[in-house]
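Analysis of the macromolecular model
The primary structure of each chain is shown beneath.
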Amino acid sequence: MNKTLRNPWTYVLFLLPLLVLYIMFFVYPMISAFTTGFMKWNGLTEPHFNGLTNFKHAFNDDKFWQSVFNNGKFILFSVFVQVPIIIFFSLLISNVKKLRGLYKTAVFVPSVMSTAVIGILWSFIYEPDIGLFNLILTRIGLQPVMWLSDSHWAMFSILLTNAWQWTGFYIVMVLAAILSIPREIDEAAIVDGASAFKRATKITVPLIMPVISVVIMLSIAGAMKAADIIIVMTDGGPGGITDVMATYLIKYGITNAKYGYGNSIGVLIFLFSLILTALYQVLFARRVERVEY
């Protein structure tokens, strides 16, 4: 057995199936998307090289830039609204003495639910006549809101739904980091007379910054590939006001059989994601030092 484990071909044998699948479902499609992104192709006939025409078309399309702007909204909402909420609730749950497991399970449940189910559920909550939010508004004397069909509220409604789905997943990550901090550090701060607020802001949050950095990185990546929740709830409406780059790709590339143009949008999504993650790593993530207790 030991002789077998010393043989490097043993590890190659175990890694080979995974490597084959990785090449088939990631490397090859990515290379194919890059090549066909420079072609005019409807998926059936022979593709024809057309240079940068597809990319010029995208950059000159106002609806494409609207989708890019909506991806930016996803990122800003995730980083500046969702992440502080995640930290706040993680700190609250970490100080609970009883039923902590119940709270962790309760906040985590939405992240394991199907996006289609969540989209339908929240569509009922946003329903103009019998939806929960409008019932509350009418009870306090306010006018009901057309949450998903009003251009002023549709994007916010989707952002809120998406945050509700994934906040619990990140809370569990941050909570695990908080609970891994040695109890002696917090006890020493209590002895020194530090309040709960100071212990949270001066000790706990700085110590878990590496995990928070990972949460921010995952939030940015999730914002760049958001599509399913939009398709279920608004399908990009009203009038394309809630389209993101992924739904724009589906609507103007795949649905209209413009696969060359669709692949060019996929390439742009990849490049934008790469640039954002690289900028975040260089400007912020590298400044976060790894903490050892």
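Everything numeric here is computed off the predicted structure, so don't read it as measured data.

Focus on the pattern of salt bridges
Overall, the coordinates contain four salt bridges when judged by the stated rule. Across the pair R183 and D186 runs a salt bridge, and its minimum N-O distance is 3.5 Å. One end of the pair is R183 and the other is D186, both in helix 9 (residues 183-191) and three residues apart, which spans about a single turn. Residue R183 is classed as partly exposed on the basis of its relative accessible area of 47%. For D186, a relative accessible area of 17% translates into the label buried. One salt bridge connects R199 with D186, and the closest N-O pair in it is separated by 2.9 Å. You can see R199 sitting in helix 10 (residues 196-207) and its partner D186 sitting in helix 9, a full 13 residues away along the chain. Considered together, R199 and D186 belong to a single accessibility category, that of buried residues. One salt-bridge network, in which partners are shared between bridges, spans R183, D186, E187 and R199.

Considering the packing of aromatic side chains
The relative placement of two aromatic rings is captured by the distance of their centres and the angle of their planes. For the coordinates displayed, the defined rule picks out 23 aromatic pairs. Measuring from centroid to centroid gives 5.4 Å for F169 and Y170, while their planes differ by 70°, and the two rings are edge-to-face. Counting every residue linked through ring pairs, the aromatic cluster contains W122, Y126, F133, W147, W153, F156 and W164.

Here's the deal with unusual backbone geometry
In this chain, G237 is followed by P238 through a cis amide linkage whose omega measures -5°. In this structure, P238 sits in the loop between helix 12 (228-233) and helix 13 (245-254). Even without a glycine there, the phi angle at L99 is positive, about 60°. Secondary-structure assignment places L99 in the loop between helix 4 (62-94) and helix 5 (100-112). By relative accessible area, L99 is classed as exposed at 57%. Unusually for a residue other than glycine, A257 sits at a positive phi of about 60°. You can see A257 is positioned in the loop between helix 13 and helix 14 (259-283). On the basis of relative accessibility, which here comes to 31%, the residue A257 falls in the partly exposed class.

Structural notes on the UniProt feature "transmembrane region" (unreviewed entry) in the chain
In this structure's numbering, the residues bearing the UniProt feature "transmembrane region" (unreviewed entry) are residues 12-31, 74-93, 105-125, 163-182, 203-224 and 265-285. Annotated as residues 74-93, this span is 100% helix and 0% strand, and its ends, taken at the C-alpha atoms, are 26 Å apart.

Topic: the environment of Y280
Within the secondary structure, Y280 sits in helix 14. Residue Y280 is classed as buried on the basis of its relative accessible area, which comes to 11%. C-alpha separation for the pair Y280 and A246, spaced 34 residues apart in sequence, amounts to 21 Å. Sequence-distant contacts of Y280, defined by excluding residues within four places in its chain, comprise S213, I216, M217, I220 and A285.

What counts, and where the lines are drawn
- Residues numbered from 1 in each chain as written.
- Predicted model: local features only at pLDDT ≥ 70, side-chain atom pairs only at ≥ 80, totals over all residues.
- Heavy atoms only, no water.
- Salt bridge = Lys/Arg side-chain N within 4 Å of Asp/Glu carboxyl O.
- Helix = DSSP H or I, 4+ residues; strand = E, 2+ residues; numbered from the N terminus.
- Buried < 20%, exposed > 50% of the residue type's maximum accessible area, 1.4 Å probe, protein only.
- Phe/Tyr/Trp six-rings, centres within 6.5 Å; stacked < 30°, edge-to-face > 60°.
- UniProt positions renumbered as here; feature names shortened; annotations may be inferred.
- Contact = heavy atoms within 4.5 Å.

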